[in-house]
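Understanding the architecture of this molecule
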Amino acid sequence: MRDHEVLAAFERIYRDNVGAITRFFARRCVDPQLVGDLTADTFVRAMTSYATFNPAKGSASSWLFGIARHTFAAHAEQSAKSGELVRRVGGRRELDSDELAELEARIDAERPGRALLERLTELPELEREAVELVHLCGLAPREAAEALGVPKGAMRTRLYRAMARLRAVVDDEVEAR
Amino acid sequence: MSKFEDNLWAELQHEHGQALLQNMAKRQSRRTKRWIGAAAAVVVLGTGALAASTYFGGAPPAYAVVDNPDGSVTLTVREVQAFEAATAELRKHGIRAIAVPIRKDCSWDEWFKIENIQLLDPDQTSAVEWNMDDIYQMKIHPERIPADAQLVLSAIQRGRGLQFGAGYARGEMPKCVPMQGS
């Protein structure tokens, strides 16, 4: 593959997934600059490790969501250590006002998704992430299994269990009203 | 595409595009070395076989035979197909050789018709000299093929690669070469 073909292949992956990855972070952070930084960090990591990506082992989406999860986990760990919000990873440019407005709109649009994630806090972490990847990010259960590094066969069971628990939570809430 | 997404792509390409290309080039180099390593292992087993990663660009012919000024010919193999046509092409260039497939279901009786050639460490008497700088290519020295023998070139497509073998046969020619481990 020639240089321009390599770049074109990666650009296709970027363009196909950047929206979903941005929304993934927009459900977790309300600071548009931070959403932009985490999205950028995810793709920087993807670009520098693209040589290890093997399409035979999983889709580009599941690979990228796997990286996004690690990126967010690293950010959360750093935030917890320093006891404050950690902005910046690696000298990224400040977004201009148009970009900030775009990301604010996305953060706003993800409000229902954030609310769902808050409800899911009752669930074990893996089940919560499985529900998010399949029902909010649009990944196939197989892709979600690849992103989470769990056996594909176990993914449907986890999803079924998670949805059953979620229904029970909603039923309890309705009953309590 | 939004402005954020377009600007981010421009930034990524500018700041990290080179790293991506370098890593991909390293991966390609590692893969080639792995193929050569695999070939060495096969040769140790005595098959006289070499493996090479193959080119699937579409346009180049499956094989090409070119005459060299020193009387040798250069055979370039891109894809394993049309063994009879390959044999005819070699003969047209004055090479007493046949091209046959390596097959899992090939009888071991066929194997015993061949005297293998050491491909990775050829000496001045070897009729086949592999070009280690372009592992799709081999130089064939027709004058080194024993007078009473024919050169047998064998090949198989393995995934995205090719595996080659070479040897001499006398009398009845093999129709195929059994695959190692089959």
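Because the structure is a prediction, the values reported are computed rather than measured.

**Quick notes on the overall build of chain B**
The secondary structure content of chain B amounts to 3 helices and 10 strands. Of the regular secondary structure in chain B, the N- to C-terminal order runs α-β-β-β-α-β-α-β-β-β-β-β-β. Per-residue burial over chain B gives 30% buried out of 182 residues. When contacts within chain B are restricted to residue pairs at least 6 apart in sequence, those whose partners lie at least 24 apart make up 59%.

**Section: the overall build of chain A**
In terms of regular secondary structure, chain A is built from 8 helices and 0 strands. Starting at the N terminus and walking to the C terminus, you meet the elements of chain A as α-α-α-α-α-α-α-α. The buried share of chain A, reckoned over its 177 residues, is 36%. The long-range share in chain A, meaning contacts at least 24 apart out of those at least 6 apart in sequence, stands at 69%.

**Some points on the packing of helix H1 (residues 3-26) of chain A against helix H2 (residues 32-48) of chain A**
Residues and elements named next belong to chain A. At a minimum axis separation of 9 Å, H1 and H2 run at an interaxial angle of 145°. Viewed along their axes, H1 and H2 form a crossing whose handedness is right-handed. Mapping the contact onto sequence places Phe-10, Tyr-14, Val-18, Ile-21, Thr-22, Phe-25 and Ala-26 in H1 and Val-35, Leu-38, Thr-39, Thr-42, Phe-43 and Met-47 in H2. When its residues are assigned to classes, the contact of H1 with H2 shows 10 nonpolar, 3 polar and no charged.

**Focus: the sheet that holds strand E6 (residues 128-130) of chain B**
Hydrogen bonds between backbone atoms are what pair the strands of a sheet, whose relative direction is either parallel or antiparallel. Residues and elements named next belong to chain B. Across the sheet, which stays open at both edges, the 4 strands sit in the order E2-E3-E7-E6 with antiparallel pairing between neighbours. If you trace the sheet from one side to the other, it starts and ends with strand E2 (63-67) and E6, each paired once. Pairwise comparison of adjacent strand axes, ignoring direction, gives a mean angle of 25° for this sheet. The pairing of E2 with strand E3 (residues 73-77) spans 5 bridges and is antiparallel. What sits directly across from Val-66, in E3, is Thr-74.

**With respect to helix H6 (residues 125-136) of chain A**
All names here are of chain A. The terminal C-alpha atoms of H6, which comprises 12 residues, lie 15 Å apart, in line with the 16 Å expected from a rise of 1.5 Å per residue. Every buried residue of H6 is accounted for by Glu-127, Arg-128, Glu-129, Ala-130, Val-131, Glu-132, Leu-133 and Val-134. Two residues or fewer past H6, Gly-138 is found with a positive phi of approximately 80°.

**Examining the nonpolar core**
Formed by 43 residues in total, the largest nonpolar core has its most connected members in Val35(A), Met47(A), Phe65(A), Ala130(A), Leu133(A) and Ala144(A). Only H1, H2, helix H3 (60-82), helix H4 (97-109), H6, helix H7 (141-148) and helix H8 (152-176) of chain A together with helix H1 (3-44) of chain B provide two or more residues apiece to this core. When we break this core down by domain, the ones giving at least three residues each are domain 1 (1-109) and domain 2 (111-177) of chain A. Residue contacts for Val35(A): discarding those within four places in its chain leaves Thr22(A), Phe25(A), Ala26(A), Cys29(A), Leu103(A) and Ile107(A). Listed in part, the 27 residues of the second largest apolar core include Val73(B), Leu90(B), Leu151(B) and Val177(B).

**What to know about the pairing of E3(B)**
All names here are of chain B. Going residue by residue along E3, you find Val-73, Leu-75 and Val-77 tucked away on one face and Thr-74 and Thr-76 left uncovered on the opposite face. Remark: 5 residues form the turn of the hairpin made by E2 and E3, two consecutive strands paired antiparallel; Gly-71 in that turn has positive phi of roughly 95°. Two elements, E3 and strand E7 (residues 137-140), share 4 bridges in a ladder whose sense is antiparallel. Its bridge partner lying in E7, Thr-74 is registered against Lys-139.

**Considering H2(A)**
Between its first and last C-alpha, H2(A) extends 24 Å over 17 residues, near the 24 Å set by a 1.5 Å rise per residue. Within H2(A), 14 of the 17 residues are buried, leaving the element largely enclosed by the surrounding structure.

**Notes on the packing of H2(A) against H4(A)**
Residue and element names in this part refer to chain A. As a packed pair, H2 and H4 sit with axes 8 Å apart at the nearest point and diverge in direction by 95°. Considered as vectors, H2 and H4 are oriented roughly perpendicular to each other. Between H2 and H4, the residues in contact are Pro-32, Gln-33, Val-35 and Gly-36 and Glu-99, Leu-100, Leu-103, Glu-104 and Ile-107, respectively. Residue classes in the contact of H2 with H4 are distributed as 5 nonpolar, 2 polar and 2 charged.

**Let's talk about the environment of Arg128(A)**
Residues and elements named next belong to chain A. Position of Arg-128 among the secondary structure elements: in helix H6. Accessibility expressed as a C-beta count within 10 Å gives 20 for Arg-128, which makes it buried. For the pair Arg-128 and Leu-116, spaced 12 residues apart in the sequence, the C-alpha separation amounts to 9.8 Å. Other than its neighbours up to four places away in sequence, Arg-128 contacts Leu-120 and Leu-123.

**As for the confidence of the model for chain B**
Residues and elements named next belong to chain B. Averaged over chain B, the pLDDT score is 73; the fraction of residues at 70 or greater is 68%. By mean pLDDT, strand E1 (residues 49-53) is the weakest element of chain B at 43, and strand E4 (residues 97-103) is the strongest at 88. For the stretch residues 32-60, pLDDT sits under 50, and the model shows 59 contacts to residues farther than four places along the chain or on other chains. Reported confidence for the predicted complex is 0.81 by ipTM and 0.54 by pTM.

What counts, and at which threshold
As a convention, each chain's residues are numbered from 1 in the sequence order in which they are written. Whichever chain is written first is A, and whichever ligand is written first is 1; the rest continue in order. Where totals are concerned, whole chains, interfaces and linings use all residues; where local detail is concerned, this predicted model gives features only for residues with pLDDT of at least 70, and gives and counts side-chain atom pairs only at 80 or more. By definition, any uninterrupted DSSP run of H or I lasting at least four residues is a helix, any uninterrupted run of E lasting at least two residues is a strand, and each is numbered from the N terminus. Comment: burial labels come from other C-beta atoms within 10 Å of the residue's own C-beta, placed from the backbone, where a count of 20 or more is buried, 12 or fewer is exposed, and between is partly exposed. Any two residues are considered in contact once their C-beta atoms, placed from the backbone, lie within 7 Å. Helix axes use the C-alpha atoms of the stretch in contact, all axes being lines fitted to C-alpha atoms, and the angles between their N-to-C directions lie in the range 0 to 180 degrees. Whether a crossing is left-handed or right-handed is set by the direction in which the near helix is turned from the far one by less than a right angle, anticlockwise for left-handed and clockwise for right-handed. Amino acid classes used here: Ala, Val, Leu, Ile, Met, Phe, Trp, Tyr, Cys and Pro are nonpolar; Asp, Glu, Lys and Arg are charged; the rest, including Gly, are polar. A pair of strands is labelled paired if DSSP reports no fewer than 2 bridges between them. Given a helix with a known number of residues, its expected span is that number minus one, times 1.5 Å. We define the nonpolar core as any set of buried residues of the types Ala, Val, Leu, Ile, Met, Phe, Trp, Tyr and Cys, connected via C-beta atoms lying within 7 Å of each other. Domain borders in the structure are assigned automatically or taken from a domain database. Should an angle lie under 35 degrees it is considered roughly parallel, over 145 roughly antiparallel, and from 65 to 115 roughly perpendicular; all remaining angles are considered oblique. For every residue, the predictor reports its confidence as pLDDT, a number between 0 and 100.

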